[in-house]
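Structural overview
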Amino acid sequence: MADYREMWSSLDMDLEKHDELCAVLPEFYGEIYMEQENRPEGMNYFNMVVSEIHGLRVKELNEGKKENKKVVGTFCVFVPDEIITAAGAVSVGLCAGSDFWHPDGEKIVPKNTCPLVKAAVGAYFGKTCPYFQSCDLIVGETTCDAKKKAWEIFSEEIDTHVMELPQMKRDKNKKHWEEEVELFKEKIESVTGHNITEEELYEKIKLHNEKRNVLKRLYDFRKVDNPPISGKDVLLITQIAFYDDPKRFIEMTNKLCDELDERIKENNGVYKENAPRLLITGTPMAIPNWKMHHIIETSNAAVVAEETCTGTKYFKNLVSEEEKDMEGMIKNLASRYMKTNCAVFTPNKSRIDDIINMYKEYRADGVIYYSLPFCTCYAAEYMSVKEALEKEGIPVIMIETGYGLEDAGQIKTRLEAFLEMLDK
Ligand code: BJ8
C-alpha cells in the first residue's frame, strides 16, 4: 500500500495503533486468500482493493469531500443506498469484522456484546478506521438491542440518524416503514444540502438494481457441479460491494463473470471432485471476517451460497422500476427493503422458506447455521429453522463463533464430523 499517513493524520486517526492493524492484514489475507489454487484472474481487482483497503478508496472519499460530496456510513441492509447516492453522497458499509477493535470497544460497551457491534464501536472510538473518520453522518436502525444502544453512544460524537425499523410486517408496519424512508430522504437532503429530484432517484434505483443483478449473476455460477469460483472469493466480493464505487464494482464484477462463463465452458472448477456443498445461513460476516469460509474450504468442502446480509439478502429482490414519480419510488423502495427476512422480525417464517429454497436452488448437501455470540435473535431462531429443515430431511449444524481464531480447531473437528454424515 502507498503511504497515506498524511491523509490518515488529517482524519485524526491514531496512527500508531492503526499501524498495528496494517501490519497484520497482508499476512492474514495472504494466508487465507492467496494460497487458494486456480483462482480466476478477475480476482486481481479485488486483491488490489483489499491491499489498498484503508488507502485508495478513503482517498477517493476525501477528494469527493473537498467538492462537498458527503460520506454516509451504514450498518444494515435495510438502509436504502439509492437515496444516499441520489443526493450525490457516498454510502459506505461500516460493519467491522475483526477482533482487533474489541479492546477499544470493550472500554465502552459490555464485553458480552455482539462482536460486530463491539468492533464497530472500537473502530470508531479507537480512531483506527478511516471510513468511520471520513463520515459526515452515520445511519442506524432499530434492529437488535445491541445496535440500538450503540446509536445512542455514537450520537454523542457524530451526527447519527436512526431509522425506526418495525419488528413485524403487518400493513400498518409497512406504512410506517414508508414514512421512515421518506424521513430518511429528508435527513439526507438536509445533510447534503441537495433536494433529490425524481430523475436522480430513478437513475440510482436503476444503478443499484444493476449492482444487485451482477451479484446475482456471480452467485448463479455457484449452482453448477463444480463452481468456477470459491465461496471465500464470493464472500470477499460481496463485502467489497458495501463500500466500493457502485459503477466500478459493477464493471469489475461483470468482467470477472465473463471469465467465469469461460471457465464453465471448460469445466474448470476450483474444488476437488464431489466436494460436499454447504449453504451458510445466519449473521452477517463483515470484512475481514472470513473465518467460517476458510475453515470449511480448507476441509475439502465448498460454500455454495450464503443466506446472510453479506450474501443473498444484500441483493435479493429488485426495486420496482415501474414508477417514476417521487411518491411511487419511495413506496417501491420501502416495499423492496421490507422484504428482507432478518431475525429481528417476528414472526420470520419467510426466512425458513428462503433457506429451504436456497438449499435446493444451490444444490447444497447441508446447512451451516452460523451465529455470532450474543446475537439473541439469530441464535433463538435456530430452533425453528432446525425443526423445519429436519422435516425436509436437510442436515443442519449450528456453529456459534466470534472473530478470534482460538476455537478454529474445535470448529474444524465438529465440521468434519458433520461432513462425514452428509449423503455424498
Ligand atoms: S438485516 S442481520 S444487517 S440487523 S449479529 S448486530 S442482529 S446482535 S447484524 Fe443485521 Fe440488518 Fe438484520 Fe442484516 Fe445485532 Fe445479531 Fe449482532 Fe447483528
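**A word on the pattern of salt bridges**
When their charged atoms lie close together, side chains carrying opposite charge are able to pair. Counted under the stated rule, the structure contains 40 salt bridges. Salt-bridge contacts for Asp244 lead to Arg248; the nearest nitrogen and oxygen are separated by 2.8 Å. With a closest N to O distance of 2.7 Å, Asp407 and Lys291 form a salt bridge. Of the two residues, Asp407 is situated in the loop between strand S8 (396-400) and helix H19 (408-421) and Lys291 in helix H14 (residues 291-297); the sequence distance between them amounts to 116 residues. Across the pair, Lys291 and Asp407 agree in class, each one buried. Through salt bridges with shared partners, a single ionic network connects Arg57, Glu60, Asp244 and Arg248.

**Some thoughts on the packing of helix H3 (residues 43-51) against helix H13 (residues 246-265)**
Where H3 contacts H13, the two axes come as close as 9 Å, and the packing angle between them is 140°. What the angle tells us is that H3 and H13 run oblique. Where H3 approaches H13, its residues Met43, Tyr45 and Phe46 are matched on the opposing element by Arg248, Phe249, Met252, Thr253 and Leu256. Its residues placed into classes, the contact of H3 with H13 shows six nonpolar, one polar and one charged.

**Points about the side chain of Asn341**
By secondary structure assignment, the location of Asn341 is in the loop between helix H16 (326-338) and helix H17 (349-361). A distance of 3.0 Å separates a polar atom in the side chain of Asn341 from a polar atom in the side chain of Lys169. The residues touching Asn341, leaving out its near neighbours within four places in the chain, are Lys169, Lys313, Asn348, Ser350, Arg351 and Asp354.

**A word on the state of the cysteines**
A complete count under the given rule lists zero disulfides for this structure. Unpaired in this structure, Cys135 has its nearest cysteine sulfur neighbour in Cys129, at a distance of 8.1 Å.

Each value, and the rule that gives it
- Residues numbered from 1 in each chain as written.
- Predicted model: local features only at pLDDT ≥ 70, side-chain atom pairs only at ≥ 80, totals over all residues.
- Heavy atoms only, no water.
- Salt bridge = Lys/Arg side-chain N within 4 Å of Asp/Glu carboxyl O.
- Helix = DSSP H or I, 4+ residues; strand = E, 2+ residues; numbered from the N terminus.
- Buried < 20%, exposed > 50% of the residue type's maximum accessible area, 1.4 Å probe, protein only.
- Axes fitted to C-alpha atoms, helices over the stretch in contact; angles between N-to-C directions.
- Parallel < 35°, antiparallel > 145°, perpendicular 65-115°, else oblique.
- Contact = heavy atoms within 4.5 Å.
- Nonpolar A, V, L, I, M, F, W, Y, C, P; charged D, E, K, R; others polar.
- Polar contact = N/O pair within 3.5 Å; in protein donor to acceptor, adjacent residues only side chain to side chain.
- Disulfide = S-S within 2.5 Å.

Remember, this is a structural readout, not a statement about activity or role.
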